[in-house]
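Each chain, written out:
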Amino acid sequence: MPKIVLENINKHWGNFYAVDHLDLEIEDRAFVTLLGPSGCGKTTTLRMIAGLETPSSGRIFFDDVCVFDAENGINLAANKRKVGFLFQNYALWPNMTVYQNIAFGLQNLHEELPSYAHDLRELEADLRSYEDYEQLNLMLRSIATKEDRRRATIRLIDYFHITESMAQVWIKRGPIDAATAKCEAERLRQDAEKLRSSYRAKAQEIGEDYELRSHGQAICTLRKMTKEEIDLRVREVARIVKISEFMDRYPAELSGGQQQRVAIARTLAPKPRILFMDEPLSNLDAKLRLEMRSELQRLHLETKSTIIYVTHDQLEAMTLATRICLMENGLLQQYEAPMPLYERPRNLFVADFVGSPSINFIEARGEEDVQGYHLTCFETLRVDFQASDGRRYADALSEVERFHKEDAKRLYEVEKGNKDRPFNYPIAYVDVKEKLELERSLDDRDFVLGIRPENLHIRSLADGESVAEGEVEVEVYSVMPTGMETTLRLRYGNYLLTAVIFGGIVYPIGSHLALSFKPGTALLFHRLSGRRIADGDLRICE
């Protein structure tokens, strides 16, 4: 599978930039999700990598092969890039069976294909049937009806990895006794060794899956796939996605999840180098989506494919991806593995978009000294923030300035119409009121604190009990239990905070709790730029 590299990719229509100066490197066998809100440029990015959309400028490489270069006029067509597609609409042929839907693309394939030792494959499959005759006999016994024969055929195909025609021959042959099995197995072993010797005499090696090789390279010819090759490949992908029993059915006879498996099998059948998936689970119900996420994870491991997956659902991205490419307004916001993306977001937008329930944002103002940051939040509450890595504010500001300079370096063919604007982070109020522009101008003493809901520590207060040092008293505003966990909305003055507690604990609405912050879990952002400064400990001072 190839490594994919995008260099300074732009896509614009007039002055609207769908993708803005994108640099991206997708490693071999990675599962990368392109994540972001509607209209952020993720599907356009996928289509440009696949060859379905032509970038306005930039270059795209598959390994070291350039498949697109705007300056030199290189643009390899989608059918030459050997990629597979799976979209929201499965587009199955309603008048074809599942088998025919999967086989359709293979029947029309005409390209350089490896040669195979089919005679040796069939001979050694027969040998396996005699060596494992007891298991074979279990599958062949009690075939009394047409349905029994169908089930036996599927079991033989999946267990011995053979074609349907060979399975029918074995069924006709019937069960084997021990003496016959031993005699036939010995004869077939000798025949197989003779056949292997004949290939070696022609300087041909037998590779994986009986592929013929010479001096380590596959022997390829321009041809179509044989009927036996098509059948073996269809049965193989059917085993992978667990639809072997549905091969004779039509799409209308399948559930939504089964249809989706058929679409995946059809995509896998031609052995594409890269799999592109554009929100393939969006038409399924919540329970089935959860099941199919698990199946896609397993599929990625079994096929060892490079998968590029488009979604706006951050839960899908977090559970499936090896790396997440988070985009907004055509710009790459962060390219990271799921947990580092969640725990160390680069800016306010990333922190808000990733995570359910959403992160708590708290506006703060203050300054730094040798002991850390001394801040005031919720208008009057004093807190101290200590960076985990001891990072100084001056270093953070220099990094913010560097990012601004890098942004300023972007040169546009035409002025960008959909201009980049600071992220308008949400603040939850008890009394919802229009948030007016600040009367004073912001400066480098303005910050935003980010606290994940699970990182709020709460405890019950007995009647008349006061909060301890490092705690503040809050009121339970709403309670949303789900069984495994409970989501709370906590009121402090006119502000609301979201907390998650695990287990079946339910606090009465209106009750009072003591609130503190779990050590090492707070995030500090520069308010003007939205960039994260540091993560660390947040402690309440009063």
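Residues numbered from 1 in each chain as written. Predicted model: local features only at pLDDT ≥ 70, side-chain atom pairs only at ≥ 80, totals over all residues. Heavy atoms only, no water.

Trainee: Let's hear about the overall build of the protein: which residues, and what values?
Mentor: Within the protein one finds 14 helices and 27 strands. Its C-alpha atoms give the protein a radius of gyration of 30 Å, more than 25% over the compact-globule value 24 Å for 542 residues. Dimensions of the protein along its principal axes, counting C-alpha atoms only, are 90 × 65 × 45 Å. When the 542 residues of the protein are sorted by exposure, 49% land in the buried category. (Helix = DSSP H or I, 4+ residues; strand = E, 2+ residues; numbered from the N terminus. Rg over C-alpha atoms; globule rule 2.2 N^0.38 Å. Buried < 20%, exposed > 50% of the residue type's maximum accessible area, 1.4 Å probe, protein only.)

Trainee: Which residues make up the packing of aromatic side chains, and what values go with them?
Mentor: In the structure shown here, the tally under the stated rule is 16 aromatic pairs. A ring pair is formed by Phe 361 and Phe 525, whose centres lie 6.3 Å apart and whose planes are at 80°; its orientation type is edge-to-face. Remark: Phe 525 occurs in strand S26 (residues 522-526) and Phe 361 occurs in strand S17 (residues 360-369); sequence separation between them is 164 residues. What makes Phe 361 buried here is its relative accessible area of 6%. The structure contains a cluster of three or more aromatic residues connected by ring pairs, namely Phe 378, Tyr 429, Tyr 492 and Tyr 495. Across from the ring centre of Tyr 335, 4.0 Å away, lies the NZ or CZ of Arg 323, which sits over that ring. Over the ring of Tyr 342 we find Arg 452, and its NZ or CZ is 4.1 Å from the ring centre. (Phe/Tyr/Trp six-rings, centres within 6.5 Å; stacked < 30°, edge-to-face > 60°. Lys NZ or Arg CZ within 6 Å of the ring centre and 35° of its normal.)

Trainee: Would you mind going over the confidence of the model for the protein in detail, with residue names and values included?
Mentor: Taken residue by residue, the protein gives an average pLDDT of 89. The fraction at 70 or more is 95%. Low pLDDT, under 50, characterises residues 434-438; the predicted model gives this stretch five contacts beyond four residues in sequence or across chains. (pLDDT = per-residue confidence, 0-100. Contact = heavy atoms within 4.5 Å.)

Trainee: Describe the sheet that holds strand S15 (residues 323-328), and please don't skip the residues or the numbers.
Mentor: Hydrogen bonds along the backbone pair up the strands of a sheet, which may run parallel or antiparallel. Ordered by their spatial adjacency, six strands build an open sheet running S7-S13-S14-S3-S15-S16, and the pairing between neighbours is mixed. The open sheet is flanked by strand S7 (83-86) and strand S16 (331-336), the only strands paired with a single partner. Neighbour-to-neighbour, the strand axes of this sheet turn through a mean angle of 15°, independent of strand direction. Of the pairings in the sheet, the one linking strand S13 (residues 274-278) to strand S14 (residues 306-311) comprises five bridges and is parallel in character. Within the sheet, the bridge partner assigned to Leu 275 lies in S14 and is Ile 307. Docked against the sheet, helix H1 (residues 42-50) engages strand S3 (31-35), S7, S13, S14 and S15, running at close to 150° with respect to S14. (Pairing = 2+ DSSP bridges. Axes fitted to C-alpha atoms, helices over the stretch in contact; angles between N-to-C directions.)

Trainee: Explain the nonpolar core residue by residue, including any values.
Mentor: Within soluble globular proteins, side chains that are nonpolar tend to cluster in buried spots. Within the largest apolar cluster, 47 residues are counted, with the highest numbers of intra-cluster contacts made by Phe 361, Leu 375, Phe 385, Leu 449, Leu 488 and Leu 490. Not counting the four nearest positions on each side in its chain, Phe 385 is found in contact with Gly 372, Tyr 373, Leu 375, Leu 449, Ala 522, Leu 524, Ala 534, Asp 535, Gly 536, Asp 537 and Leu 538. Ile 240, Met 247, Val 262 and Leu 275 belong to the second largest nonpolar core, which has 39 residues in total. (Core = buried A, V, L, I, M, F, W, Y, C linked by side-chain atoms within 4.5 Å.)

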